[in-house]
Amino acid sequence: MMADMIHILCAFCFFSVSGWILEVCYRSYNAGRFINPGLLKGPYLILYGTGALLLVGAGWLLADSGIVVRAAVYLALMSGLELASGFLLRRLFRVRLWDYTDQRFNYKGSICPTFSAYWVAAAFAFELFLYPAYTRVLTAISADTVMILTTVVAWVMLADFTAVSVRRLVTISPGEREILRRRYEQIARPLLEDPDVARLSRYPHHLNKTRLEHADEVAYLSFLWASRLSLDVVAVVRGALLHDLFYYDWLTEGPRLHGLRHPRIALENARRVTDLSKKEEDIILKHMWPITVIPPRYPESLVVSSADTVCAVRDYLSLGDYDLPGKAGMVRLGLVPQRIRGYTDIVRRRIGSALRRR
Ligand SMILES: [Fe+2]
Ligand SMILES: [Fe+2]
């Protein structure tokens, strides 16, 4: 089992590096200067490694199939991989690593018939020549050497991929931040100026924070994440601003099992404030998931639920400003005494509430 894993990983690393070399030669020759074709810093393209693994799997499954079936499967696999990778790269990292918009019959610039035909030819070349050559080389190297080399290269690739992904997902330039803040204010203002929402400023929510401040923070953080993920930012901001729309101090008043019941209360109050889309309703109703067992129907709901948790944890741990998502881990030690006072206050209010109920 372990040996199989190493062989799969080894093929992935080997063809990622080989793909990088192929692309460097092709692009640098066309441009007349050196071009690093990938998103990552190192000499590998994980798209090629992934494609190689797909072809190895398909070749194994289609060993007895004719050439037409194999060509059709290779076409579907290679085009699907190109389409999915292009979509994810544009959505998550806002980059376009290849662009077929100048090719005839292209789809969103990610795939086109000419290059799909090239990839099918490359898939047959892989099946007939490259993979057999690779396995011959592999058998000539000792198993220990293969394992050590594969482990090192895989860890370097993973570290590179993680570093680049995190940096691209959390980094916001000052200019972009200003644009995002203006967009957020444009969406949020009508609700923040609504008297029924503004009333939330009268209720304490987390340590030294009103419910309105909490809703605003959750909405802004959700908005930043949703922008990065190209989700529906309007629904995210509106749903997040209304997610805790209830009018009682949850530490001393309100229904039993407040944690389970307040999403429904907030939803009913929100319906009186504004017309809600199905997505906005789901965001409000599922914001305590997984405590409220039924899972969210939309990624936007998951974003708000996660941002709500991050904001709550941050408030109770007195973490630093998270205007940028990447700053969330900065602990402001100066706030520790204030935090302890806050916890004492919560315990006092809880005990007072329990005594009044008896
Ligand atoms: Fe809540
Ligand atoms: Fe909340």
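Undergrad: An account of unusual backbone geometry is requested, with residue identities and associated values reported.
TA: Following Trp289, the chain continues into Pro290 via a peptide bond in cis, with omega recorded as 15°. Mapped onto the fold, Pro290 is located in the loop between helix 11 (278–285) and helix 12 (299–317). Even without being glycine, Ser230 reaches a positive phi, approximately 55°. The phi angle at Leu257 is positive, at roughly 55°, despite the residue not being glycine. Structurally, Leu257 is set in the loop between helix 9 (233–242) and helix 10 (258–273).

Undergrad: Give me the nonpolar core: which residues, what numbers.
TA: In terms of nonpolar packing, the biggest core is built from 34 residues, with Ala219, Val236, Ala240 and Leu241 touching the most fellow members. If we ignore the near neighbours within four places in the chain, the residues touching Val236 are Ser222, Phe223, Ala226, Leu231, Ile283, Glu300, Val303 and Val304. Within the second largest apolar cluster, 21 residues are counted, among which are Phe15, Val56, Tyr74 and Phe126.

Undergrad: Help me get a handle on the environment of Ala270, residues and values and all.
TA: Residue position: Ala270 is located in helix 10. In this structure the C-alpha to C-alpha distance between Ala270 and His243, which are 27 residues apart in sequence, comes to 8.3 Å. Not counting residues up to four positions away in its chain, the partners in contact with Ala270 are Leu242, Leu245, Leu276 and Ile284.

Undergrad: Quick one: what's the story with the packing of helix 10 against helix 11, residue by residue and with numbers?
TA: Helix 11 packs onto helix 10 with a crossing angle of 145° between their chain directions and a minimal axis gap of 8 Å. Contacts between helix 10 and helix 11 involve Pro263, Arg264, Ala266, Leu267 and Ala270 from the first element and Glu281, Ile284 and Leu285 from the second. Counted by class, the contact of helix 10 with helix 11 contains six nonpolar, no polar and two charged residues.

Undergrad: Describe helix 10, listing the residues and the values that go with them.
TA: Between its terminal C-alpha atoms helix 10 stretches 21 Å, which fits the 22 Å expected from 16 residues at 1.5 Å a residue. Among the residues of helix 10, His262, Pro263, Ala266, Leu267 and Ala270 are the ones counted as buried. The buried side chains of helix 10 occupy one side of the element, clustering within an arc of 140° when seen end-on. Away from its buried face by more than 90 degrees, helix 10 exposes Glu268 and Arg272. Where the residues of helix 10 are buried, they touch helix 9 and helix 11.

Undergrad: Could you give an account of helix 4 (residues 113–140), naming the residues involved and the relevant values?
TA: Compared with an ideal rise of 1.5 Å per residue, which puts 28 residues at 40 Å, helix 4 spans 39 Å between its outermost C-alpha atoms and is within 8% of the ideal. Within helix 4, the axis deviates most sharply at Phe126, by approximately 50°. Listed in full, the buried residues belonging to helix 4 are Ser116, Val120, Ala123 and Phe126. On its buried side, helix 4 packs onto helix 2 (46–61) and helix 3 (67–93).

What counts, and where the lines are drawn
Residues numbered from 1 in each chain as written. Chains lettered and ligands numbered in written order. Predicted model: local features only at pLDDT ≥ 70, side-chain atom pairs only at ≥ 80, totals over all residues. Helix = DSSP H or I, 4+ residues; strand = E, 2+ residues; numbered from the N terminus. Core = buried A, V, L, I, M, F, W, Y, C linked by C-beta atoms within 7 Å. Buried ≥ 20, exposed ≤ 12 C-beta atoms within 10 Å, placed from the backbone. Contact = placed C-beta atoms within 7 Å. Axes fitted to C-alpha atoms, helices over the stretch in contact; angles between N-to-C directions. Nonpolar A, V, L, I, M, F, W, Y, C, P; charged D, E, K, R; others polar. Expected span 1.5 Å × (residues − 1). Arc of directions from axis to C-beta. Bend = angle between axes of the 7 residues up to and from the residue.

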